[in-house]
Amino acid sequence: MIMRVLGEGQFEVAEADLNRLNQLDDELLQAVEAGDEAAFQAALGSLLAAVREVGTPLPAESLEPSDLILPDAEASLEQVRELLRDEGDGLIPGLPE
């Protein structure tokens, strides 16, 4: 799966890493729903750090379509709340059972 982090670039993430990313996404969703700015910043930072850790950066000149677009680390709680309204169940979709 190819994930774009706004302002940073694209990362190829293996399906095996999606469960971990989904857990972090759930924490982000909970912080947004609670309106907890500190928890939101921590959760967003953890999610983006995990994408950078497990993902393989694609070259800047790569023109691969992104499966997911994630906000940058400077995104506000309100900006992410709007993204979540569009996505429904978090920024990273769950794996099929």
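Relevant structure appears above.
Residues numbered from 1 in each chain as written. Predicted model: local features only at pLDDT ≥ 70, side-chain atom pairs only at ≥ 80, totals over all residues. Heavy atoms only, no water.

*Asks:* What should I look at first to understand the overall build of the protein in this one?
*Replies:* From N to C terminus, the protein includes three helices and four strands. The order of helices and strands in the protein, counted from the N terminus, is β-β-α-α-β-β-α. Against the globule reference of 13 Å for 97 residues, the protein gives a C-alpha radius of gyration of 13 Å, in line with a compact fold. Once the C-alpha set of the protein is aligned to its principal axes, its extents read approximately 35 × 30 × 25 Å. Carbon and sulfur atoms form 49% of the exposed surface of the protein, whose accessible area is close to 5,600 Å². Here the protein contributes 5 positive and 22 negative side-chain charges, whose respective centroids are spaced 4 Å apart. (Helix = DSSP H or I, 4+ residues; strand = E, 2+ residues; numbered from the N terminus. Rg over C-alpha atoms; globule rule 2.2 N^0.38 Å. Areas by Shrake-Rupley, 256 points an atom, 1.4 Å probe, with all protein chains shown as cover. Lys, Arg positive; Asp, Glu negative; His and termini not counted. Charge placed at Lys NZ, Arg CZ, Asp CG, Glu CD.)

*Asks:* Looking at this model, I keep getting lost on the environment of Gln-10. Mind explaining?
*Replies:* By the secondary structure assignment, Gln-10 is in strand S2 (residues 9–12). When its relative accessible area of 5% is taken as the criterion, Gln-10 is described as buried. Linking Gln-10 and Leu-84, residues 74 residues apart in sequence, is a C-alpha distance of 20 Å. Other than its neighbours up to four places away in sequence, Gln-10 contacts Ile-2, Met-3, Arg-4, Thr-56, Pro-57, Leu-58, Ser-62, Glu-64, Pro-65 and Ser-66. Polar contacts involving the side chain of Gln-10 include one to the side chain of Ser-66, which spans 2.7 Å. (Buried < 20%, exposed > 50% of the residue type's maximum accessible area, 1.4 Å probe, protein only. Contact = heavy atoms within 4.5 Å. Polar contact = N/O pair within 3.5 Å; in protein donor to acceptor, adjacent residues only side chain to side chain.)

*Asks:* For this particular structure, what's the right way to read the pairing of S2?
*Replies:* Working note: regular strand, side chains alternate between the two faces of the sheet. Note that strand S1 (residues 2–5) and S2 share four bridges and pair antiparallel. By the bridge assignment, Ile-2 is partnered in S2 with Glu-12. Bridging between S2 and strand S3 (residues 56–57) involves two bridges; their strand directions are antiparallel. Along S3, the bridge assignment pairs Glu-12 with Thr-56. (Pairing = 2+ DSSP bridges.)

*Asks:* It is not clear to me how the pattern of salt bridges should be interpreted in this structure. Could you clarify?
*Replies:* Oppositely charged side chains may form a pair once their charged atoms are brought near each other. Scanning all chains against the criterion turns up three salt bridges. The salt bridge involving Glu-53 is made with Arg-20; its shortest N-O contact spans 3.2 Å. With a gap of 33 residues between them, Glu-53 in helix H2 (residues 37–54) and Arg-20 in helix H1 (residues 18–34) connect regions that are remote in the sequence. Residue Glu-78 is joined to Arg-81 by a salt bridge in which the shortest nitrogen-to-oxygen separation is 3.1 Å. Note that Glu-78 and Arg-81 are positioned in helix H3 (residues 77–87) at a spacing of three residues, about one turn of the helix. By relative accessible area, which is 22% here, Arg-81 ends up partly exposed. (Salt bridge = Lys/Arg side-chain N within 4 Å of Asp/Glu carboxyl O.)

No statement about biological role is implied by the geometric values presented.
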